[in-house]
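What follows is each chain in one-letter form.
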Amino acid sequence: MYPDYCGGVEMSEIRLDSVKKVYDDDIVAVDAFDLVIDDGEFITVVGPSGSGKSTILRMIAGLEDVTSGTISIGDQRVNDVPPQDRDIAMVFQNYALYPHMSVEQNMSYGLKLNSDLPDEEIEMRVREAAEMMGIEDQLRKKPSELSGGQQQRAATGRAIVRDPSAFLMDEPLSNLDAKLRVHMRTELQRIQEDLNTTTVYVTHDQEEAMTMSDRVVILDGGKLQQVGTPKEVFSEPANKFVAEFIGSPSMNFFDVRLENSILVGSDVTYTLSAAYAERIETRSTSNEFTLGIRPEHMAFADENDFNEIGAVLEVREPVGDDNYLYLRRGDTEFKMRVLGQIDHAEGDEIRVTFDEADAHLFDRATGQNLLLQPKSADTVPSDTTTQEA
Ligand code: ADP
């Protein structure tokens, strides 16, 4: 029914170019936002409350005007296209099911209203979507007779019957209890893979973003911080904000300076290899850094480790097979995540270390990840653009 291609451009690629949204003349909710969402891609937009996630989704849906910039779906600029003509289906946190209608009526209502599909076709679509969502036995019930999970399935089923070119989902699982939420994540992922429909999914939950999507978009203060696969944003965070936001428990940070290949902070010293130190020196003009180490990259030091941090184990928290250890050295608190049994008790003095390869280093003033910055020597002078740097 919906052609895959239109003028050589895939129908459901969604493109945002320099998109800006200002509310009430002075609230900049989204700024300078560029993103291309590929056809069939599952992309998650994640960030703290107020970072502009819903505004982006609502602009793609056409529920909010764009202040400046362009939004395109396929090869069509849609800035002025009303929501009902954008061929997009939304799933919200509160399900927005009509209480007086049965599940079947809720699922078929949009198509009956906005399409000229014959009744048999609509019935067939509703049946298929209900089977896909595992609610085929609930079709005659009213929403109030369903559990939260079943209501969520009905709302998703209603989006599926429309066979849209994209799904836009705004925190669709946040009203469900923790166990059901984890289960529904897997279900939504499976359905998205089966249908291969472009999906933009908004959440404040980094774990949800990291487990569900092909790529993660991280926002702060209306600005794009990084877009990448879950692995990329975890292993190569563009800046300190991303490093701290992604991963649980969050990354440890230590303020340090570099002195003769040694990172020196008030509670930590760490001797770098000459190669690592040189990489930092060629990428930064400042000597004020933040060292970042993930709790899972901290390890107990043995007698061969000369780069060690002595610390007191203040709190030991078993979480499933893991132990989260809360440590203190001087004024600095940090966390360590250890798999399996440990011999240490709260109050013990322990020694920990980490691999240089797992260390992240951020410019303290800008927050940029220095190891991802091009070396100044990599920059090609503007008058010799054909030369190799
Ligand atoms: P998020 O979804 O990440 O929580 P929003 O997109 O809802 O963030 O909001 C981004 C910013 O825009 C916030 O500062 C919020 O207060 C503001 N905002 C959102 N909607 C409106 C509105 N209708 N009128 C005025 N300000 C708004």
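For every chain, the first residue of the written sequence is number 1, and numbering continues from 1 onward in sequence order. The model is predicted, so local features are restricted to residues of pLDDT at least 70 and side-chain atom pairs to those at 80 or more, both for listing and for counting; the totals for chains, interfaces and linings are taken over all residues. Where side-chain values are given, they derive from all heavy atoms of the structure, hydrogens and water being excluded.

(A) Structural context of the overall build of the protein. Secondary structure elements follow DSSP: runs of H or I no shorter than four residues count as helices, runs of E no shorter than two count as strands, and numbering proceeds from the N terminus. Scanning the protein from N- to C-terminus turns up nine helices and 22 strands. For the C-alpha atoms alone, the extent of the protein along its principal axes is close to 75 × 60 × 40 Å. Looking at the 389 residues of the protein, the share that counts as buried comes to 47%. Here, residues are in contact when the closest pair of their heavy atoms is within 4.5 Å. Long-range contacts, defined here as pairs at least 24 residues apart, represent 66% of the contacts in the protein between residues at least 6 apart. Accessibility throughout is a Shrake-Rupley quantity obtained with a 1.4 Å probe, and a residue counts as covered only by protein chains that appear here. Of the accessible surface of the protein, which amounts to about 19,500 Å², a share of 45% is contributed by carbon and sulfur atoms. Summary of the burial criterion: residues with accessible area below 20% of their type's maximum are buried, those above 50% are exposed, and those between are partly exposed, where the area comes from a 1.4 Å probe applied to protein chains only.

(B) Spatial organisation of the site of the ligand. The environment of the ligand is made up of Y23, D24, I27, A29, P48, S49, G50, S51, G52, K53, S54 and T55. In protein, a polar contact means a hydrogen-donor-capable atom and an acceptor-capable atom, both N or O and within 3.5 Å, with residues adjacent in sequence counting only if both atoms are side-chain atoms; elsewhere, any N or O pair within 3.5 Å suffices. G52 places a polar main-chain atom, nitrogen or oxygen, 3.0 Å from an oxygen atom of the ligand. Note that an oxygen atom of the ligand is positioned 2.8 Å from one of the backbone N or O atoms of S54. Its free accessible area being 560 Å², the ligand has 62% of it covered by the protein chains. Elements that contribute at least two residues to the shell around the ligand include exactly β4 (27-37) and α1 (53-61). When residues of the shell around the ligand are assigned to their parent elements, the largest contribution, three residues, is made by α1. Residues are grouped as follows: Ala, Val, Leu, Ile, Met, Phe, Trp, Tyr, Cys and Pro are nonpolar; Asp, Glu, Lys and Arg are charged; all remaining types, including Gly, are polar. Of the residues that constitute the shell around the ligand, the class distribution is four nonpolar, six polar and two charged. A cutoff of 4 Å decides nearness: a residue is near a molecule or strand if any of its heavy atoms lies inside that distance of it.

(C) Expanded view of helix α9 (residues 274-283). Every buried residue belonging to α9 is among Y276, A277, I280 and R283, and all of these are buried. Along the axis of α9, the buried positions cluster into a sector of 135°, meaning they face one direction only. Exposed positions of α9 whose direction lies more than 90 degrees from the buried face are A274, A275, E278 and E281. For α9, the secondary structure elements touched by its buried residues are β13 (252-259), β16 (289-293) and β22 (360-363). Here the arc refers to the set of directions running from the helix axis out to each C-beta atom.

(D) Structural detail: the sheet that holds strand β17 (residues 299-300). If you trace the five strands from one edge of the open sheet to the other, you get β17-β21-β18-β19-β20, paired in antiparallel fashion. In this open sheet, the two edge strands, each paired with only one partner strand, are β17 and β20 (332-339). If DSSP finds at least two bridges between two strands, the strands pair.

(E) Structural view of the pattern of salt bridges. By salt bridge we mean one thing: a side-chain nitrogen of Lys or Arg within 4 Å of a carboxyl oxygen of Asp or Glu. As enumerated under the stated definition, the model contains 20 salt bridges in all. Residue D255 is joined to R364 by a salt bridge in which the shortest nitrogen-to-oxygen separation is 3.7 Å. Taken together, the residues span a long stretch of sequence, with D255 in strand β13 and R364 in the segment after β22 at a distance of 109 residues. Using a relative accessible area of 48% as the deciding quantity, one classes D255 as partly exposed. Residue class for R364 comes out partly exposed when judged on its relative accessible area of 31%. A salt bridge links E259 to R257; its shortest N-O distance comes to 3.9 Å. Judged by its relative accessible area of 40%, E259 falls in the partly exposed class. The class of R257 is partly exposed, set by a relative accessible area of 36%. In this structure, a network of salt bridges that share partners links the residues D255, R257, E259, E288 and R364.

(F) Here's a closer look at the packing of aromatic side chains. To pair, rings of Phe, Tyr and Trp, with the six-membered ring standing in for Trp, must have centres within 6.5 Å; the planes then decide the type, stacked if under 30 degrees apart, edge-to-face if over 60, and tilted in the middle. Taken as a whole, this structure holds six aromatic pairs when the rule is applied. Measuring from centroid to centroid gives 5.3 Å for Y98 and Y109, while their planes differ by 75°, and the two rings are edge-to-face. On the criterion of sequence distance, the pair formed by Y98 in the loop between β8 (88-91) and α2 (103-114) and Y109 in helix α2 is long-range, its members being eleven residues apart. Residue classification places Y98 among the partly exposed residues on the basis of a relative accessible area of 35%. Under the relative-accessibility criterion, Y109 is labelled partly exposed at 33%. Both rings, one in F253 and one in F362, keep their centres 6.1 Å apart while their planes meet at 70°; by these two values the pair is edge-to-face. Note that F253 is positioned in strand β13 and F362 in strand β22, a separation of 109 residues in sequence. The burial state of F253 is the same as that of F362; both residues are buried. Positioned over the ring face of Y276 is R279, at 5.8 Å from the centre of the ring. Working rule: Lys NZ or Arg CZ, within 6 Å of ring centre, within 35 degrees of ring normal, means a charge sits over the ring. In this structure, R294 is placed above the aromatic ring of F234, and the distance from its NZ or CZ to the ring centre is 4.0 Å.

(G) The arrangement of the sheet that holds strand β6 (residues 68-73) in detail. With antiparallel pairing, the four strands of this open sheet are ordered in space as β4-β3-β6-β7. One side of each edge strand has no neighbouring strand; the edge strands of this open sheet are β4 and β7 (76-77). The sheet contact formed by strand β3 (residues 14-23) and β6 spans five bridges and is antiparallel. Residue R15 lies in a different strand from β6, and its bridge partner there is S72. Against the sheet, α1 engages β3, β4 and β6, with an angle of about 115° to β3. Axis lines are fitted to C-alpha atoms, over the contacting stretch for helices. Their N-to-C directions set the angle, which ranges from 0 to 180 degrees.

What is shown is where atoms sit, not what they do.
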